[in-house]
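An overview of the molecular structure
So the chains spell out like this:
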Amino acid sequence: MTWTLKLCAIVAMLTTFTPAKAEEFVSPDILILGDSQISFGSGPSFLKFFSDIKHQCHPTPKQEKYLKHLGEMKVGVIGVRSTSIHSWTARKGRAKGRVCDVDPKWKVNAGSYGYLNQTGNKYVQIGKGDQYQFCAPNKSPFEVMFREDYYDPKLLLLSFLGNSSKRWAESKEKAAADVDMLTKQLPPDLPCIFMTTAPAFSKKIVDRRLKAQKNIMEAFAEKGHRCTFVEGATPKTVKANQGNKHYFRLNKRGRVKDPYHPNAKAAENFFALEMEQICGAIFEQISMIMEKPET
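Let me begin by describing the structure that accompanies this report. It should be emphasised that the depicted structure is a prediction, and the values quoted were computed from it without experimental measurement.

Here we come to the overall build of the protein chain. Secondary structure assignment for the protein chain yields 12 helices and seven strands. Its C-alpha radius of gyration of 20 Å places the protein chain within 12% of the 19 Å reference for a compact globule of 295 residues. With the C-alpha coordinates aligned to their principal axes, the bounding extent of the protein chain is approximately 65 × 55 × 40 Å. Within the protein chain, contacts between residues separated by at least 24 positions form 75% of all contacts whose residues are at least 6 apart in sequence. Accessible surface for the protein chain amounts to roughly 15,500 Å². Of this, 54% is attributable to carbon and sulfur atoms. Counting 44 positive and 30 negative side-chain charges, the protein chain places the centres of these two groups 10 Å from one another.

And the structure:
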């Protein structure tokens, strides 16, 4: 075969590529997607909370009926490092690469918990394994994830902030553009919650994230509440985390070595403080689907 024919064959394969179908894959009922805060601290807390919504949220009889919409409540939690909304909606470039590129050093770029990962090793590489086939040429991770016969959750929670804090704090337009693209790519009848991540250790980091949170919250409001918005940075959660070294990983000298990622203990406290808001968001979103008039 000549080099010209070989090149044509390669191009043909690339342009017609679709991720391999996961024959045995069954979608989780509840899907949580976030960034490295999940891998470094909050993953187990997300799993615990959403695996037992009845106990955590104390639903009314009417709300218990809503919960039946969630089926068996199989919970999958995935946190991909250095990602945010635009990473999951980008069709090419560096932003998409945050999800799809293999980590050059560690060969893993995400933490996975619950129904999607029962291996005993929380670290995974997106693209490897039936449950992580989110990448294809000229398509965004969301477009691939929510393709027919693949991911079909009954509730989606997105948890991001840190990796877009500069982007959103400096530009309301970019925040609005991210929400607009998210709205276009999510299935129209998928109940959705967007929750910003827990506060960081230093005041400087927290202050910028508060500004970013304000702008992204306003962007969601302007788009008609496609997702229920939950503020992760509140006066209570900021007071709990900011300056509290016991909620962050320390070096041998007892100093904070990672001011960005609260630890597992901090995550437990964060969910205790945010419980009412999260529960309210869950029932608000499910009720919108359950009470939607037939057309």
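This next bit is on helix H10 (residues 203–222). Residues lying three or four places apart along an α-helix face the same way, a consequence of the helix completing one turn every 3.6 residues. The first and last C-alpha atoms of H10 sit 29 Å apart over 20 residues, in line with the 28 Å expected at 1.5 Å per residue. For H10, every residue scored as buried is listed here: Ile205, Val206, Arg209, Ala212, Gln213, Asn215, Ile216, Ala219 and Phe220.

Counting through the fold element by element, Asn241 comes out in helix H11 (residues 235–241). When its relative accessible area of 3% is taken as the criterion, Asn241 is described as buried. For Asn241, the side chain forms a polar contact with the main-chain oxygen of Pro199, separated by 3.0 Å. Setting aside residues up to four positions removed in sequence, Asn241 forms contacts with Ala198, Pro199, Ala200, Phe201, Tyr247, Phe248, Pro262 and Ala266.

Moving on to the pairing of strand E5 (residues 155–159). E5 sits mainly inside the fold: five of its five residues count as buried. Because side chains alternate across E5, one face comprises the buried residues Leu155, Leu157 and Ser159, and the other comprises Leu156 and Leu158, equally buried. As paired strands, strand E1 (residues 30–34) and E5 are joined by five bridges and run parallel to one another. In the strand pairing of E5, Leu31 is matched with Leu156. Across four bridges, the pairing between E5 and strand E6 (residues 192–195) is parallel. Bridge pairing links Leu157 to Ile193 in E6.

Below, the discussion takes up the sheet that holds strand E7 (residues 228–230). Strand order across the open sheet formed by seven strands is E4-E3-E2-E1-E5-E6-E7, with mixed pairing between neighbours. Whereas interior strands pair on both sides, the edge strands pair on one side only; in this sheet they are strand E4 (123–124) and E7. With five bridges connecting them, strand E2 (residues 75–80) and strand E3 (residues 110–114) associate as antiparallel partners. Bridge assignment links Gly76 to a residue of E3, and that residue is Gly114. The sheet strands contacting helix H2 (residues 36–51) are E1, E2, E3, E4, E5 and E6, and the helix crosses E2 at an angle near 165°.

Its identity is not glycine, yet Met73 carries a phi of approximately 60°, on the positive side. Here Met73 lies in the loop between helix H4 (61–67) and E2. Residue classification places Met73 among the buried residues on the basis of a relative accessible area of 15%. Its identity as a non-glycine residue notwithstanding, Asp149 has a phi of 70°, on the positive side.

The interhelical angle for the contact between helix H9 (residues 172–185) and H10, taken along N-to-C directions, is 45°, at an axis separation of 8 Å. By the angle class used here, H9 and H10 are oblique. Crossing angle aside, the handedness with which H9 passes H10 is right-handed. Only Lys214, Asn215, Ile216, Glu218, Ala219 and Phe220 of H10 make contact with H9, whose side of the interface consists of Lys172, Ala175, Ala176, Val179 and Leu182. Residue classes in the contact of H9 with H10 are distributed as seven nonpolar, one polar and three charged.

Between H2 and helix H12 (residues 264–290), whose axes approach to 10 Å, the crossing angle comes to 40°. Relative to H12, the element H2 is oriented oblique. In the crossing of H2 with H12, the sense of the turn from one axis to the other is right-handed. Contacts between H2 and H12 involve Gly41, Ser42, Ser45, Phe46, Phe49 and Phe50 from the first element and Ala264, Ala267, Glu268, Phe271, Met275, Ile278, Cys279 and Ile282 from the second. Along the lines of polarity and charge, the residues of the contact of H2 with H12 split into 10 nonpolar, three polar and one charged.

So, how was this worked out
- Residues numbered from 1 in each chain as written.
- Predicted model: local features only at pLDDT ≥ 70, side-chain atom pairs only at ≥ 80, totals over all residues.
- Heavy atoms only, no water.
- Helix = DSSP H or I, 4+ residues; strand = E, 2+ residues; numbered from the N terminus.
- Rg over C-alpha atoms; globule rule 2.2 N^0.38 Å.
- Contact = heavy atoms within 4.5 Å.
- Areas by Shrake-Rupley, 256 points an atom, 1.4 Å probe, with all protein chains shown as cover.
- Lys, Arg positive; Asp, Glu negative; His and termini not counted.
- Charge placed at Lys NZ, Arg CZ, Asp CG, Glu CD.
- Expected span 1.5 Å × (residues − 1).
- Buried < 20%, exposed > 50% of the residue type's maximum accessible area, 1.4 Å probe, protein only.
- Polar contact = N/O pair within 3.5 Å; in protein donor to acceptor, adjacent residues only side chain to side chain.
- Pairing = 2+ DSSP bridges.
- Axes fitted to C-alpha atoms, helices over the stretch in contact; angles between N-to-C directions.
- Parallel < 35°, antiparallel > 145°, perpendicular 65-115°, else oblique.
- Left-handed = near helix turned anticlockwise from the far one by under 90°.
- Nonpolar A, V, L, I, M, F, W, Y, C, P; charged D, E, K, R; others polar.

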